[in-house]
Amino acid sequence: MSPTKSDNSVPISQLLEFYERMLLVREAENRLSKLFADGEVPGFIHLSVGQEAVCVGVTSALETRDTLASNHRGHGHALSKGVELNSFFLEVMGKEEGICGGRGGSMHVADMSVGMLGANGIVGAGIPLAVGSALAHQVQENGAIAVAFFGDGALAEGVLHESFNLAALWKLPILFVCENNGWSEFSPTGRQFNANVRELAGVFGIPSAFVDGDDVLAVNEAASELVTAIRAGEGPYVLECVTHRVRGHFEGDPQKYRAESEINSLPDHDPITKLETIISKRRIPKKEVVAIRGTIEARINAAVEAGRGGNAPDFSRAKADVYTAVEEV
Amino acid sequence: MSPTKSDNSVPISQLLEFYERMLLVREAENRLSKLFADGEVPGFIHLSVGQEAVCVGVTSALETRDTLASNHRGHGHALSKGVELNSFFLEVMGKEEGICGGRGGSMHVADMSVGMLGANGIVGAGIPLAVGSALAHQVQENGAIAVAFFGDGALAEGVLHESFNLAALWKLPILFVCENNGWSEFSPTGRQFNANVRELAGVFGIPSAFVDGDDVLAVNEAASELVTAIRAGEGPYVLECVTHRVRGHFEGDPQKYRAESEINSLPDHDPITKLETIISKRRIPKKEVVAIRGTIEARINAAVEAGRGGNAPDFSRAKADVYTAVEEV
Amino acid sequence: MADVRYAKAVNMALDDAMAADPAVVLFGEDIAEAGGPFGVTRGLLEKYGDRRVRDTPISEATIVGAAVGAAMSGLKPVVEIMFMDFVTIAMDAMVNQAAKARFMFGGQCSVPLVLRTPHGGGVNAGPQHSQCLEAWFAHIPGLKVVVPSNPSDANRLLKSAIMDPDPVVFVENKAMYSLKGEFDDASETIVIGTAHVARSGDDVTIVSYGAAVNTALQAAETLAPRDISVEVVDLRSIQPWDEATVLASLARTHRLIVLHEAVTAFGVGAEIVARMSDIGFDELDAPIKRVGAPFMPTPFAKSLENQYLPNAKDVIAAVEQVLA
Amino acid sequence: MADVRYAKAVNMALDDAMAADPAVVLFGEDIAEAGGPFGVTRGLLEKYGDRRVRDTPISEATIVGAAVGAAMSGLKPVVEIMFMDFVTIAMDAMVNQAAKARFMFGGQCSVPLVLRTPHGGGVNAGPQHSQCLEAWFAHIPGLKVVVPSNPSDANRLLKSAIMDPDPVVFVENKAMYSLKGEFDDASETIVIGTAHVARSGDDVTIVSYGAAVNTALQAAETLAPRDISVEVVDLRSIQPWDEATVLASLARTHRLIVLHEAVTAFGVGAEIVARMSDIGFDELDAPIKRVGAPFMPTPFAKSLENQYLPNAKDVIAAVEQVLA
Ligand SMILES: Cc1ncc(C[n+]2csc(CCOP(=O)(O)OP(=O)(O)O)c2C)c(N)n1
Ligand SMILES: Cc1ncc(C[n+]2csc(CCOP(=O)(O)OP(=O)(O)O)c2C)c(N)n1
Ligand SMILES: [Mg+2]
Ligand SMILES: [Mg+2]
């Protein structure tokens, strides 16, 4: 693990901001879990509970113009990149007013206005998309960078290898973020991938960093450094974040395949609890934290109500979006 | 480069055998080049002139039961694995009596009876095929191993990465042979692949060797060692052979993209000339060498005649082979 | 004659095939320890061991490529691709390798592999987890494509597919996995390429395959009280498909509807219509109608997906059209 | 009005598009320094520089995947896949990503990419370098598929494809690259989805696309002295395709043949027949015949490939059949 800046050097305002941003993701997903169990969220959803430090730490180092391609476990990526909460809930609940008109749902949340190029149902597929987005930034010399978020399971897909190679050859402005939670669905990734993402990147000449993905300060510090280097034209970097998937692969997965000891140890890794400890050490008045919790809860409640109040999507409007409408000349 | 056994330790009979086997590939391809120019070989053909030490060195370490998956530049792989010369020419000339009934031609020469699973028109595609063949050997516990031949250009294909991973995980009996001739069609591979195959293999825990691919003794020695280890159950190995593509990517390619100096240096790397030097140092009577040349020439002449004498393939017989005929019950 | 779930019926076929032939091996993502994402391969690792039942990394191109190489080297691999949408990553292995090996090598070898994969919507899985891409495979000489409509057929067809010397795409249906159906272990094997008249009728023929057969049967049931007698032909396999049975039915009813869940345009139904409107030209008393999904990706939202998926009402409307 | 080769006509379209719009970038294998395996991109690196014209590694999945990401981020990438057979490696990017992005993101973005790739046989390139797989793409909502039959159309259609906001598969033909054709630089643009009546006639309509249009014209020429007047409709694009023009022609000739080089079964022709035998049911005086490749991989040997490829004789036989 790279050494973390002494917690004291992080301004209180930033600590609270991280806290609020992580809590937003956590509480949004906790609520989705309930809504799913109650049949208010269709399809299947993959929660990133326990992994909030990664998305918040990385996206806090980004600008809106930067682009992000995500994977199936993308709620945190979307919300922390700036997708508006109500339209997020509306989408995942399948409503017309959802950010994607209710056509994509949890696995396809995207918001071009904030550079969120989409969650993705195909493992690995977001990686070359991010490479292409980085190419666009490079060609357009717009100063933006692209970020690919992927899990450890995705390391086995050939597009990762191809994308590392292409990004290295073309010195593309891209940050590859591997969220290593140790699991690929129901299997430990150690039984599926016989290499290490950082060593792999190294073979292609891509430098990398490795952080405790439960520590939002560490993630943010590392990400900020890499983003600065990438923006300066140094080419691609890899950031490996070791983290923990608290819930099942998807909601409804009873996780029988996980050892009890592992499940029991999960709270020790909780990134929000960890930040709370830091916050309490900094003698930030408890009421500020309580206030944040209250704000988040209110926002989530409002978003759920917004979601419930949304309309069923319009079929003909959906059909009209298969192709871009061109004005008749 | 790994140290080569002192040339003197190789029995004369083996030197001459290597010589004969390399010459067979060389002269067969030289003749194909002429036949192609004269319109007697349809389609397009990729010659491995200059690379004969690799196929001969490796296949000399194999047994017939071992399987080999090849690529588009597969004449040497086929002939040195044991595909019968006449049926090879008949195939490449598109005749019914060809080893594949004239349906595949140069890019698809295969002979199951000698473990030649086929040349392949899709760059990289032979690699997972060889992995699967190795799996079959492992499951059947038949003592055989599989070999994948691929060029340096194929390193950029994602299936390589996936195949390294799977072979390593499953400890499959497979030898990955990279024929590194520095070129991917018309581009230097150095501009296409930002890594090194041995380091890449290393990341997956696959040990590797590196040899002068112009030196058949070195190739054979390295291959023999690795094959022994693989057969003993040690799992996959990589053998990288640096070699030189003398002719164009395909016949008819004027190679304008290659520096004159490079082209001029090619004769210095000729594996057959190199072996001739060794042979002459061992004071093998010149007439033995001449006799071999004569034998090969006669065999090639006969094969060309056989090829010319072959029949146009039968359409309905071809069509009947799209599916396996099953006896009606 | 017990009732068995579709997933279990597939499992039993795998079990029987593995027991009968040591060359049969299974591999795919989470199919061994976890017993498959839909529970289809449950218990097989325990029974046949980790040599023959293997979890793979998430590497579809190599999973199928390796199956081809294994099939050329003495095994009969049955590989699983978790959702049919993911075969997009493995098309080279199926199309350029498996499908062509026998032909292009002059008949020297067969490629006895089975690729199992579920297609279809109905579970709000969205645009990348619901596609029906079987028409792609049916267009490729050298491949066979089987799409069973019920547990008993799934069991028997899978056994046929595993015994088949050529590469077979075995299309399951994720919405059907928990469907129960009559099951007789001793019932005879099904020859791939033979259709089944799932319901006899005189007025109009509906040709279908996979889960949509049940939609056709439902429509037929609904129309019966109206004195419209519908024949339902379950193709069971779409490559090869049973022209003779369809033509014979058409020759009696003189009206034909083709139904499938896949997008209508350029789908499997197009071939059936094209063929029947040629060889059955003189039999047709009305244009052949196709019922399938509209030309759009499978939407996520419940209401959208409900409107998207062809249902019995759509079939009934088509029947009314051809009888008008 | 000069004569220009097909490859050059494509080159000129790329040149014009790059000159007109700095967002247009090209990448693919050996397309920059070497000017493309068929010389199609010659001179463009020199003219537009290595930022916009790039050689890639042999990584088809990522080439097309990156094109999708680039297209979502402000560029208009035109990527080349050297042989259509190799798109098997890049199907996820086209089908699950490019085709669906606009729809599944609620219309937030378009994906203005063009995938150029040559299909077709005739050069003894064998089973893995000759396939016509356009039917696959035509089946996928969200994609457009264009297949020009001559240099002038290739030029104009490629410009339309590059300007199109949606992903377009632009199918070239390797046997046609050196074909010369009349070329008028000033001729008007072609709207994707509009067919062209390449020859007018009264007795029978042949619908085709790509190089096969020339086969149809050849057959028409041969039949003219026999007083058989053949109309040839060049579809130009197969997704969308111009139903109205085909129906109008059928309504005059009452006889229809669909011709393409691809394998007949489950090919593009099936859709055209299915549609026309429905909406044109009352116009048909004979069954619609399809002429295409038989159900086998493209064979290598000259004699085999000659027998395999549909030719004017096959078309004439079909004409005789529908007129019988
Ligand atoms: C191409 C493809 N293969 C398989 C799947 C099924 N699948 C979805 S998530 C997943 C595991 C991914 O693991 P990882 O990348 O580590 O992400 P995590 O779920 O741990 O966040 C699999 C196999 C898929 N969606 N796409
Ligand atoms: C999937 C695929 N992409 C591209 C090609 C075209 N192609 C044929 S050979 C080749 C270069 C291969 O280079 P390498 O692997 O080094 O082999 P070499 O030709 O040097 O022997 C390319 C790009 C192909 N046949 N298949
Ligand atoms: Mg994981
Ligand atoms: Mg090379």
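Model, not experiment: these values are computed from the prediction.

The rules behind these values
Residues numbered from 1 in each chain as written. Chains lettered and ligands numbered in written order. Predicted model: local features only at pLDDT ≥ 70, side-chain atom pairs only at ≥ 80, totals over all residues. Heavy atoms only, no water. Pairing = 2+ DSSP bridges. Helix = DSSP H or I, 4+ residues; strand = E, 2+ residues; numbered from the N terminus. Axes fitted to C-alpha atoms, helices over the stretch in contact; angles between N-to-C directions. Contact = heavy atoms within 4.5 Å. Salt bridge = Lys/Arg side-chain N within 4 Å of Asp/Glu carboxyl O. Polar contact = N/O pair within 3.5 Å; in protein donor to acceptor, adjacent residues only side chain to side chain. Nonpolar A, V, L, I, M, F, W, Y, C, P; charged D, E, K, R; others polar. Near = heavy atom within 4 Å. Areas by Shrake-Rupley, 256 points an atom, 1.4 Å probe, with all protein chains shown as cover. Donors = N, O, S within 2.8 Å, 3.2 Å for Na, K, Ca; no water. Buried < 20%, exposed > 50% of the residue type's maximum accessible area, 1.4 Å probe, protein only. Least-squares fit on C-alpha atoms with pLDDT ≥ 70 in both. Phe/Tyr/Trp six-rings, centres within 6.5 Å; stacked < 30°, edge-to-face > 60°.

All names here are of chain B. Read across the open sheet, the five strands follow the order 1-2-3-7-6; overall the sheet is parallel. At either end of the open sheet lies a strand with only one pairing partner, and these are strand 1 (67–69) and strand 6 (208–212). Between one strand axis and the next, the sheet turns by 20 degrees as a mean value, whatever way the strands run. Summarising the sheet, strand 3 (residues 174–180) and strand 7 (residues 237–242) pair through six bridges and their orientation is parallel.

A separate point is the interface of chain C and chain B. On the chain B side, the residues contacting the 40 residues of chain C number 40 residues. At the junction of chain C with chain B, the criterion picks out two salt bridges. Salt-bridge contacts for Arg 102 of chain C lead to Asp 321 of chain B; the nearest nitrogen and oxygen are separated by 3.4 Å. Applying the counting criterion to the chain C and chain B interface returns 15 residue pairs in polar contact (both at pLDDT 80 or more). Contributions of two or more residues to the side of chain C that touches chain B are made by strand 2 (24–28), strand 3 (53–55), helix 3 (60–71) and helix 4 (91–104) of chain C. Ranked by the residues each element gives to the side of chain C that touches chain B, the list is headed by helix 3 of chain C, at eight residues. Of the residues contributing to the side of chain C that touches chain B, the split by class is 17 nonpolar, 15 polar and eight charged.

Glancing now at the sheet that holds strand 11 (residues 230–234) of chain D. Residues and elements named next belong to chain D. Taken in spatial order, the five strands make up an open sheet running 9-11-10-13-14, and their pairing is mixed. The open sheet is flanked by strand 9 (196–199) and strand 14 (289–293), the only strands paired with a single partner. Across the sheet, the mean angle separating the axes of adjacent strands is 25 degrees when strand polarity is ignored. Where helix 9 (residues 268–279) meets the sheet, its contacts fall on strand 10 (204–208), strand 13 (256–263) and strand 14, and the angle it forms with strand 13 comes to roughly 160 degrees.

Of all residues adjacent to ligand 2, which total 22 residues, the nearest are His 72, Arg 73, Gly 121 and Gly 153 of chain B together with Glu 60 of chain D. Those chains with residues close to ligand 2 are chains B and D. Trp 183 of chain B has a polar backbone atom sitting 2.9 Å from an oxygen atom of ligand 2. Between ligand 2 and Glu 60 of chain D there is a distance of 2.5 Å, counted from a nitrogen atom to a side-chain nitrogen or oxygen. Relative to its unbound accessible surface of 580 Å², ligand 2 loses 97% to contact with the protein.

Residue and element names in this part refer to chain B. Here the magnesium ion (ligand 4) is held by Asp 152 (OD), Asn 181 (OD1) and Trp 183 (O), and the distances to it run 2.1 Å. Mapping the donors of the magnesium ion (ligand 4) onto the primary sequence yields the spacing D-x28-N-x1-W. Within this pair, whereas Asp 152 is found in the loop between strand 2 (146–151) and helix 6 (158–169), its partner Trp 183 is found in strand 4 (residues 183–184), the two being separated by 31 residues in sequence. The class for Asp 152 is buried, based on a relative accessible area of 3%. Accessibility expressed as a relative area gives 10% for Trp 183, which makes it buried.

Attention shifts here to the site of ligand 1. Lining the immediate environment of ligand 1, one finds 22 residues, of which His 72, Arg 73, Gly 121 and Gly 153 of chain A together with Glu 60 of chain C sit closest. In the model, a nitrogen atom of ligand 1 is placed 2.8 Å from a nitrogen or oxygen of the Gly 121 of chain A main chain. Within the backbone of Trp 183 of chain A, one N or O atom sits 2.9 Å away from an oxygen atom of ligand 1. In the complex, the protein chains occlude 97% of the 580 Å² of accessible area that ligand 1 would expose alone. A class-by-class count of the residues in the shell around ligand 1 yields eight nonpolar, eight polar and six charged.

Before going further, it helps to examine the relation of the copies chain D and chain C. You can overlay chain D on chain C at an RMSD of 0.0 Å; the transform is a turn of 180 degrees with a shift of 0.0 Å along its axis. Given the turn and translation reported, the copies of this chain are related as if by a two-fold rotation axis. The overlap is high: 100% of the interface residues of chain D also sit at the interface in chain C, so the same surface is used on both sides.

On to the coordination of the magnesium ion (ligand 3), then. Residues and elements named next belong to chain A. The protein atoms that coordinate the magnesium ion (ligand 3) are Asp 152 (OD), Asn 181 (OD1) and Trp 183 (O), at distances of 2.1 Å. The sequence pattern describing where the donors of the magnesium ion (ligand 3) fall on their chain is D-x28-N-x1-W. Taken as a pair, Asp 152 in the loop between strand 2 (146–151) and helix 6 (158–169) and Asn 181 in the loop between strand 3 (174–180) and strand 4 (183–184) lie far apart in primary sequence, 29 residues in all. We note that Asp 152, like Asn 181, is buried.

It is worth spelling out the pairing of strand 13 of chain D at this point. Residue and element names in this part refer to chain D. Within strand 13, eight of the eight residues are buried, which leaves it mostly tucked inside the rest of the structure. Bridging between strand 10 and strand 13 involves three bridges; their strand directions are parallel. Within strand 13, the position partnered with Ile 206 by the bridge is Ile 257. In this structure, strand 13 lies alongside strand 14, joined through four bridges in parallel fashion. Along strand 14, the bridge assignment pairs Val 258 with Arg 290.

Pairs of aromatic rings are described using the distance from one ring centre to the other and the angle between the two planes. For the structure shown, the criterion picks out 30 aromatic pairs over all chains. Here Trp 170 of chain B and Phe 27 of chain C contribute two aromatic rings whose centre-to-centre distance is 5.8 Å and whose plane-to-plane angle is 85 degrees, an arrangement assigned as edge-to-face. On the criterion of chain membership, the pair formed by Trp 170 of chain B in the loop between helix 6 and strand 3 and Phe 27 of chain C in strand 2 is interchain, its members lying in two chains. On the basis of relative accessibility, which here comes to 12%, the residue Trp 170 of chain B falls in the buried class. Each ring, one from Tyr 6 of chain C and one from Tyr 177 of chain C, has its centre 5.8 Å from the other, and the planes form 65 degrees; the classification is edge-to-face. Taken together, the positions of Tyr 6 of chain C in helix 1 (residues 6–20) and Tyr 177 of chain C in the loop between strand 7 (168–173) and strand 8 (180–183) put the pair 171 residues apart, joining distant regions of the chain. Feature note: the residues Phe 44, Trp 183, Phe 186, Phe 250 and Tyr 257 of chain A together with Tyr 6, Phe 38, Phe 83, Phe 86 and Tyr 177 of chain C constitute an aromatic cluster, connected by ring pairs.

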